[in-house]
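Here is how the chains run, residue by residue.
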Amino acid sequence: MRNMSDDHTHVQEFFTARAADWDSRFPDDGPAYAAAVADLRLREGDRVLDAGCGTGRALPPLRAAVGPSGVVLGADLTPAMLRAAAEAGRDRHGRLLLADVSALPLRSGSLDAVFAAGLIAHLPRPADNLRELARGVRGGGTLALFHPVGRAALAARQGRRITPDDLRAEPNLRPLLARSGWRMTSYVDEDARFLALAVREG
Ligand SMILES: C[S@@+](CC[C@H](N)C(=O)[O-])C[C@H]1O[C@@H](n2cnc3c(N)ncnc32)[C@H](O)[C@@H]1O
């Protein structure tokens, strides 16, 4: 039986092996991240968390959106990804935290928004983990679940088929978010992007 630390070890091994060349594998994704951040409609001074920030590709557009008075945090549980983020200078745009998004070192309701790119498929207990993200966000705050490639294109790239139980399929994701304190407000799954937006209930 897998326990929580097995899950972490697996994620850390997987991403440690990929950290050094993560950015060079996907050199053209910048505009897609900027467009997804724009859809989150952050305001000057907002406090935003990039959950599972990896090498921090979203941190520059997040900082641009909230301005110098805002707060940008990037949390990841793989040290090698955070090291690559710092080496790429992304720590100039936000504070990097070695942290598990299933137990955020943040006060309840202290965030205006969470941006999470490529994260949800790696979460061992998605409902609990999305609920923890909701805990960190004030009522009316927002969540973006993003991937620069849509579900079908990603499955093709990885040589697998999409199954009906796919977490990110709209009929699965909408109730999952609802059970976790979020109301889904929009859903796009195209070859060039996956983006689900949600609002924190309450
Ligand atoms: C597919 S990568 C995406 C990285 C980055 N968001 C991007 O778009 O380039 C997923 C990241 O999520 C991190 N991750 C997975 N599970 C996590 C958890 N429970 N808490 C924090 N980070 C996690 C991994 O270490 C990895 O860096």
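To be clear, the structure that these remarks concern was listed above.
Note that this is a predicted model, so its numbers are computed, not measured.

### What to know about the site of the ligand
- Among the 20 residues in the neighbourhood of the ligand, the closest are listed as Y33, G52, D76, T78 and D100.
- Here a nitrogen atom of the ligand and a backbone polar atom of L77 are 3.3 Å apart.
- Between the ligand and the protein, one listed contact pairs a nitrogen atom with a backbone N or O atom of A117 at 2.9 Å.
- Across the complex, the protein chains shield 96% of the 600 Å² of accessible surface that the ligand would expose by itself.
- Classifying every residue of the shell around the ligand by side-chain character gives 12 nonpolar, five polar and three charged.

### Notes on the packing of aromatic side chains
- Tallied over the full model, the rule gives seven aromatic pairs.
- When the ring of W22 is compared with that of F26, the centres are 5.3 Å apart and the planes differ by 70°; the resulting orientation is edge-to-face. Each member of the pair W22 and F26 is classed as buried.
- Plain terms: the ring middles of F115 and F146 are 5.8 Å apart, the flat faces sit at 35° to each other, and that makes the pair tilted. Here F115, found in strand β4 (residues 111-117), pairs with F146, found in strand β5 (residues 137-147); they are 31 residues apart in sequence, far enough to count as distant. There is no split in this pair, since F115 and F146 are both buried.
- Each residue in the set F14, F15, W22 and F26 is aromatic and connected to the rest through ring pairs, giving one cluster.

### Comments concerning the packing of helix α6 (residues 126-136) against helix α8 (residues 170-179)
- The interhelical angle for the contact between α6 and α8, taken along N-to-C directions, is 55°, at an axis separation of 8 Å. It follows that α6 is oblique to α8 by the angle criterion. In this structure, α6 meets α8 at a crossing whose hand is right-handed. Between α6, through P126, A127, L130 and R131, and α8, the contact on the second element is made entirely by L176, L177 and R179.
- Class assignment of the residues belonging to the contact of α6 with α8 gives a composition of five nonpolar, no polar and two charged.

### Focus on the environment of P105
- By secondary structure assignment, the location of P105 is in the loop between β3 (95-98) and β4.
- The exposure class of P105 is exposed, given its relative accessible area of 55%.
- With 30 residues separating them in the primary sequence, P105 and A75 have C-alpha atoms 9.6 Å apart.
- Discounting chain neighbours no more than four positions away, the residues touching P105 are L97 and A99.

Conventions adopted
- Residue numbers here run from 1 along each chain, matching the order of that chain's written sequence.
- With pLDDT at 70 or above as the cut-off, local features in this predicted model cover only qualifying residues; side-chain atom pairs require 80 or more to be listed or tallied, and sums for whole chains, interfaces and linings still use all residues.
- Remark: hydrogens and water are excluded; side-chain values derive from all non-hydrogen atoms of the structure.
- We define proximity as follows: a residue is near a molecule or strand when any one of its heavy atoms falls within 4 Å of that partner.
- Nitrogen and oxygen atoms within 3.5 Å of one another constitute a polar contact, given that in protein one can donate a hydrogen and the other can accept it, and given that sequence-neighbouring residues count only through two side-chain atoms.
- Surface accessibility in these figures is a Shrake-Rupley result with a 1.4 Å probe; residues are shielded only by whichever protein chains are displayed.
- Each residue gets one label: Ala, Val, Leu, Ile, Met, Phe, Trp, Tyr, Cys and Pro are nonpolar, Asp, Glu, Lys and Arg are charged, and the others, such as Gly, are polar.
- We call Phe, Tyr and Trp rings a pair once their centres come within 6.5 Å, taking the six-membered ring for Trp, and we label the pair stacked below 30 degrees between planes, edge-to-face above 60, and tilted otherwise.
- Buried means the residue's accessible area, taken with a 1.4 Å probe over protein chains only, is under 20% of the maximum for its type, while exposed means over 50%, and partly exposed covers the values in between.
- We count a stretch as a helix when DSSP gives it H or I for four or more residues in a row; a strand needs E for two or more, and each element gets its number in order from the N terminus.
- Axes here mean lines fitted to C-alpha atoms, for a helix over just the part in contact, with angles spanning 0 to 180 degrees between N-to-C directions.
- Roughly parallel means an angle under 35 degrees; roughly antiparallel, over 145; roughly perpendicular, 65 to 115; everything else is oblique.
- Crossing chirality is assigned from the near helix's rotation relative to the far helix, an anticlockwise turn below a right angle marking it left-handed and a clockwise turn marking it right-handed.
- We call two residues contacting when some pair of their heavy atoms lies within 4.5 Å.

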